[in-house]
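Descriptive structure summary
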Amino acid sequence: MQISEYTRLDAVALAAAIKRGEVTCSEVIEAAINAIELLNPQLNAVVIKNYQNARQAAASNTANGPLAGAPFLLKDVNVFTHDMPTTFSCRFFKDVKPREDSEIVKRWRNAGLIVAGKTNTPEFAEDFVCEPTFRGAAFNPWNPAVTTGGSSGGAGAAVASGMVPVAHGTDLGGSIRIPAACCGVYGLKPTTGLNPVDASHQELAGGFNSDHILTRSVRDSAAALDVTAKPIPGYRYQVSPVVSSFLDCLRQPPERLRIGVCTDTPSGQSTPLSQQAAVQVAAKLFEENGHDLREYSFPQGLDPGEWTDTLWMFDVVYELDRQIDLMGRQPEAEEMEAMTHYIREKVRSMSAMDHYHARLSAHRTSVKLMNSMAGLDLLLTPALGSDPVPVGTLDSRTAAFDYQHWAMQGYQFAPFSYICNITGQPAASLPIRLSEEESPCAIQLAGHLGADHVVLQASALIEKHCNWHTYVPPIHAAMANYPSQ
């Protein structure tokens with residue numbers, strides 16, 4: 001299979017071509033491997049390769065669903081696999097052993113997705129950028145001088161560059177949507193609880209986290225959600241889909257929507273003209289398609305407090321303590337980054353009541369925001385507070401790390417995403433290219449709890465008019481046209 005043909009097709013189209021007998025699953029995975037080998041030296045998106053197992057899975061693949069046979073990459077954090085370690089991008093975990101597949105991984109594999117490896121992420125997915133010390137930074141195929149975004153930066157770079165059509169991301173404060181915005185791809189954070197967490201956790205990141213995928217098409221995201229969005233017996237926190245198929249919902253446009261439009265950040269700061277222009281492009285498209293647009297302002301008091309970060313810090317310490325028990329020793333100073341050292345000390349200093357008050361703060365903030373959206377179906381904002389920042393702007397790694405400075409810079413860069421993790425509502429980052437000379441900007445659409453299908457339908461409307469398939473960065477697998485081996 002020619003790489004140029006491979007990169008032209010999304011996961012649903014690749015699966016359909018395999019089903020029609022136009023190409024084999026093995027030929028598709030070879031095209032993916034060739035694309036990764038071609039571009040990864042430049043982008044450092046893939047940090048663990050799983051080629052032998054991927055080839056075996058492709059040769060024996062019997063699934064026939066809408067994603068069957070499509071190449072896939074997992075993120076090296078939170079989920080576990082029997083055939084690859086999960087190192088959390090931390091040097092202290094470099095010799096960790098693989099664990100049994102997480103439930104969501106089982107569902108992806110059963111759907112016929114072929115796991116070719118794992119993608120780059122900051123240590124413990126704890127940054128707005130993707131520049132880990134352990135394996136080095138991931139680089140943006142639109143411009144290697146600026147960030148891929150974090151924490152699913154490797155996934156964003158891999159999908160945008162054509163390595164794979166779809167890749168796993170986690171999102172506890174924007175970690176799917178921020179890299180999607182930086183890399184010009186689509187990223188949906190589903191309603192919290194719609195997709196399962198690993199069986200070893202009751203919740204992740206204090207209930208903020210949602211796992212899903214980054215894609216080049218809305219339908220790939222919908223098809224993947226059909227595969228994974230199913231309750232697990234015994235889980236205390238789970239959400240059942242309100243539609244029988246997210247993919248089938250895309251066959252119809254959304255009913256008339258009430259859409260709030262805002263270009264100021266939750267703290268009331270204005271955004272750059274490029275971000276505002278992207279919002280206006282989307283607003284005009286919605287208006288032309290009969291939807292009701294309304295001015296919206298965030299309620300006061302949504303600024304992220306220290307409690308916003310402390311809730312997810314407990315999971316980092318939990319995984320560290322587990323690894324310490326397995327290894328029988330404490331980590332050396334150089335085996336963890338500065339942020340992780342800070343997190344350990346911060347969690348040690350917190351009382352049970354500190355944690356309880358943080359959860360109450362999250363609850364109150366969630367109620368405040370969702371009440372402000374009571375008369376709306378969707379909220380349209382920029383996805384970012386600025387264009388992607390230069391590599392090296394945020395420092396969570398070195399002795400120069402300062403938490404307050406890091407948090408200030410990070411939330412200025414990505415002020416719109418974290419609030420949707422606090423509420424648990426679905427939210428997506430959509431690429432909007434303002435001119436052929438510029439990298440794509442991005443907007444965010446946020447909906448109500450459980451209304452993921454509405455976000456997907458609205459996203460498909462924007463996709464149809466903006467022709468995302470034409471968004472090809474300078475560093476892209478299609479630039480090399482040679483057959484798979």
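Details of the structure are given in the entry above.
Source: prediction; values computed, not measured.

Concerning the overall build of the protein chain
When you go through the protein chain residue by residue, the secondary structure sums to 16 helices and 11 strands. For 485 residues, the compact-globule estimate of 2.2 N^0.38 gives 23 Å, and the protein chain sits close to it at 21 Å. If one aligns the C-alpha atoms of the protein chain with their principal axes, the spans along those axes are about 60 × 60 × 45 Å. Taking all 485 residues of the protein chain together, the buried fraction comes to 64%. At a minimum sequence separation of 6, the contacts of the protein chain that also span at least 24 residues come to 80%. Counting every atom, the protein chain has about 18,100 Å² of accessible surface; 50% of that belongs to carbon and sulfur. Separation between the mean location of the 37 positive side-chain charges and that of the 51 negative ones in the protein chain comes to 4 Å.

What to know about helix 6 (residues 153-160)
Most of helix 6 sits inside the fold, with 8 of its 8 residues counted as buried. Inspection of helix 6 places Gly-153, Gly-154, Ala-155, Gly-156, Ala-157, Ala-158, Val-159 and Ala-160 among the buried residues, and these make up the whole buried set. Turning to helix 6, the residues buried within the fold contact helix 3 (25-43), strand 2 (71-75), strand 3 (114-119), strand 4 (166-171), helix 7 (177-183) and strand 6 (210-215). Once helix 6 ends, the next one or two residues include Gly-162, with phi positive near 90°.

A closer look at the sheet that holds strand 4
The strand order across the open sheet built from 11 strands is 1-3-2-4-6-5-10-11-9-7-8, with neighbouring strands paired in mixed fashion. Each having just a single partner strand, strand 1 (46-49) and strand 8 (292-295) make up the two edges of the open sheet. Taken over all neighbouring pairs, the strand axes of this sheet differ in orientation by 30° on average, direction set aside. Two strands pair when backbone bridges link them, and strand 7 (residues 258-261) and strand 9 (residues 378-382) are joined in this way by 3 bridges, in the parallel orientation. From the neighbouring strand, Gly-260 faces strand 9, where its bridge partner is Leu-379.

Focus on unusual backbone geometry
Here the amide bond leading from Gly-150 into Ser-151 is cis, since omega sits at 10°, within 30 degrees of zero. By secondary structure assignment, the location of Ser-151 is in the loop between strand 3 and helix 6. Residues other than glycine seldom take positive phi values, yet Asn-78 does so here, at roughly 75°. In this fold, Asn-78 is placed in the loop between strand 2 and helix 5 (103-110). Note on Asn-78: relative accessible area 16%, which makes it buried. One non-glycine residue, Phe-124, lies in positive phi territory at about 55°. Its place among the elements puts Phe-124 in the loop between strand 3 and helix 6.

Some remarks on the environment of Thr-191
Within the secondary structure, Thr-191 sits in the loop between strand 5 (186-189) and strand 6. Between the C-alpha atom of Thr-191 and that of Phe-208, which follows or precedes it by 17 residues, the distance is 10.0 Å. Setting aside chain neighbours within four positions, we find Thr-191 in contact with Ser-210, Val-239, Gly-424, Gln-425, Pro-426, His-448, Leu-449, Gly-450, Ala-451 and Asp-452.

Observations regarding the pairing of strand 5
A two-sided burial pattern is seen for strand 5, the buried positions comprising Tyr-186 and Leu-188 on one face and Gly-187 and Lys-189 on the other. Pairing analysis gives 2 bridges linking strand 5 to strand 6, with the strands arranged antiparallel. Looking at the pairing, Tyr-186 lines up with Thr-215 of strand 6.

Overview of the packing of aromatic side chains
What the rule picks out here adds up to 15 aromatic pairs. With 5.9 Å between their ring centres and 90° between their planes, Phe-92 and Phe-93 make a pair best called edge-to-face. By the burial criterion, Phe-92 is buried, and Phe-93 matches it. For the pair Tyr-342 and Phe-401, a centre-to-centre distance of 5.9 Å together with 70° between the ring planes defines the contact as edge-to-face.

Quick notes on the packing of helix 11 (residues 306-327) against helix 14 (residues 403-413)
Close contact between helix 11 and helix 14 brings their axes to 11 Å; oriented N to C, the two are set at 100°. Comparing the axis directions of helix 11 and helix 14 gives the class roughly perpendicular. Side by side, helix 11 and helix 14 meet where Glu-306, Thr-308, Asp-309 and Met-313 of the first sit next to Tyr-403, Gln-404, Trp-406 and Tyr-411 of the second. When the residues that make up the contact of helix 11 with helix 14 are grouped by side-chain class, the tally is 4 nonpolar, 2 polar and 2 charged.

Cut-offs and rules
Residues numbered from 1 in each chain as written. Predicted model: local features only at pLDDT ≥ 70, side-chain atom pairs only at ≥ 80, totals over all residues. Heavy atoms only, no water. Helix = DSSP H or I, 4+ residues; strand = E, 2+ residues; numbered from the N terminus. Rg over C-alpha atoms; globule rule 2.2 N^0.38 Å. Buried < 20%, exposed > 50% of the residue type's maximum accessible area, 1.4 Å probe, protein only. Contact = heavy atoms within 4.5 Å. Areas by Shrake-Rupley, 256 points an atom, 1.4 Å probe, with all protein chains shown as cover. Lys, Arg positive; Asp, Glu negative; His and termini not counted. Charge placed at Lys NZ, Arg CZ, Asp CG, Glu CD. Pairing = 2+ DSSP bridges. Axes fitted to C-alpha atoms, helices over the stretch in contact; angles between N-to-C directions. Phe/Tyr/Trp six-rings, centres within 6.5 Å; stacked < 30°, edge-to-face > 60°. Parallel < 35°, antiparallel > 145°, perpendicular 65-115°, else oblique. Nonpolar A, V, L, I, M, F, W, Y, C, P; charged D, E, K, R; others polar.

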